[in-house]
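# Chain and residue survey
Take a look at the letters that make up each chain.
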Amino acid sequence: MDISQSVSYNELKKQNVKIIVCDNSEIKTNNQMVVQQDNQVYLSMNGNKGLSYAYNRAIDYIFSQTLTGKEKICLFDDDTQISDDYFQVMERSNSDICLPKVYDEKSLLSPSLMINGKSIRWDESQPLDKKNISGINSGMCIQASVFENYRYDESLFLDYVDHYFLFEMKRQGKSIEVVDTILHQSFSANSNDLESELNRFKLFKKDSEIFYRLTKLRGYHYTLLKRKLGLMLRYKKTSLMWRL
């Protein structure tokens, strides 16, 4: 999108933080000019290379700078509404990774539970199972030191980038904390265009297969079937089963 229309970017400009814009645009924009005029960092991906690739470009840029060792890296989608106290809350934490509470149009989206490879929304009335905790990328705050010997797996294009990262971080024994600040996310998967949904499903199917292979978890076929049935019910077309 045009950077001037980004909710996240406009809210981040109000904060005393260094902004790095990783632009996956496949259309012509004035994003580079706008970002540089704002004295922020613009990194073009020269087309959509995927989320993992963009994150790694930003991390490499950060580590090319002179660091104090106390930096924190915060990830945001372009359409996340950021709470006024977000950065103050994150600064107070000493955890390796902090997850805010992120709500979409339905309910609490993140943190969530990842059980046998299946992402399940957390019922806030129940205790949070830290063993199975997961969450989305947007709003996640990570100690820069975490990336001294880690980069995102670029075989994952979009889906499961966040879940696999947190899967690996738990395996490494990193501390993960849910912090008391709230964000709101416009969830782009909530679409009503069939062809867009079909293209989105192809990406999901590929990333799902890679995620389950990397983690050696079970449930790949169940996850795909659930997604297929959801599309069939939404569009009332049983023929979709053979197109997916």
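Reading guide: rules and limits
The residue count restarts for each chain, going from 1 along the sequence in the order it is written. The model is predicted, so local features are restricted to residues of pLDDT at least 70 and side-chain atom pairs to those at 80 or more, both for listing and for counting; the totals for chains, interfaces and linings are taken over all residues. To obtain the side-chain values, all non-hydrogen atoms of the structure were used and water was disregarded. Any two strands are treated as partners once DSSP identifies two or more bridges connecting them. Strands are runs of DSSP state E lasting at least 2 residues, helices are runs of H or I lasting at least 4, and numbering of each runs from the N terminus. Each Phe, Tyr or Trp ring (for Trp, its six-membered ring) is paired with any other whose centre lies within 6.5 Å, and the angle between the two planes then decides the class: stacked below 30 degrees, edge-to-face above 60, tilted in between. Remark: exposure states derive from per-residue accessible area (1.4 Å probe, protein chains only) relative to the maximum for the residue type, with buried under 20%, exposed over 50%, and partly exposed in between. In this analysis the charged atom, NZ for Lys or CZ for Arg, is taken to sit over a ring once it is within 6 Å of the ring centre and within 35 degrees of the ring normal.

Every other side chain in a regular strand lies on the same face of the sheet, so the side chains alternate between the two faces. Here strand S4 (residues 80-81) pairs with strand S11 (residues 176-185) via two bridges, running antiparallel. Paired with Gln-81 across the bridge in S11 is His-184. Sheet topology note: the strand S5 (residues 97-103)/S11 ladder contains six bridges and is parallel. Looking at S11, one finds that Leu-99 is bridged to Val-178.

Here the focus is the pairing of strand S7 (residues 112-115). The pairing of S7 with strand S8 (residues 118-121) spans four bridges and is antiparallel. Bridge pairing in S8 places Leu-113 opposite Ile-120. Adjacent in sequence and paired antiparallel, S7 and S8 are bridged by two residues, among which Asn-116 carries a positive phi angle near 55°. As defined by bridge partners, S7 adjoins strand S9 (residues 133-134) across two bridges and the pair is classed as antiparallel. Paired with Ser-112 across the bridge in S9 is Ser-134.

Moving on: the environment of Lys-131. Inspection of the secondary structure assignment puts Lys-131 in the loop between S8 and S9. Lys-131 sits 36 residues away from Phe-167 along the chain, and the two C-alpha atoms are 9.9 Å apart.

Let us look at the packing of aromatic side chains. One pass over the full model with this rule turns up 16 aromatic pairs. Consider the rings of Tyr-164 and Phe-167, whose centres lie 6.2 Å apart with planes at 15°: the pair is stacked. Of this pair, Tyr-164 and Phe-167 are both found in helix H5 (residues 161-171), three residues apart, which corresponds to roughly one turn of the helix. By relative accessible area, Tyr-164 is classed as buried at 10%. Members of the aromatic cluster, connected to one another through ring pairs, are Tyr-160, Phe-201, Phe-204, Phe-211, Tyr-212 and Tyr-220. Over the ring of Phe-63 we find Arg-151; its NZ or CZ atom is 5.4 Å from the centre of that ring. Above the face of the Phe-204 ring, Arg-227 is positioned so that its terminal group lies 3.9 Å from the ring centre.

Right, let's talk about the sheet that holds S7 for a bit. Pairing within the open sheet is antiparallel, and its three strands lie in the order S8-S7-S9. Every interior strand has two partners, whereas the edge strands, S8 and S9, have only one.

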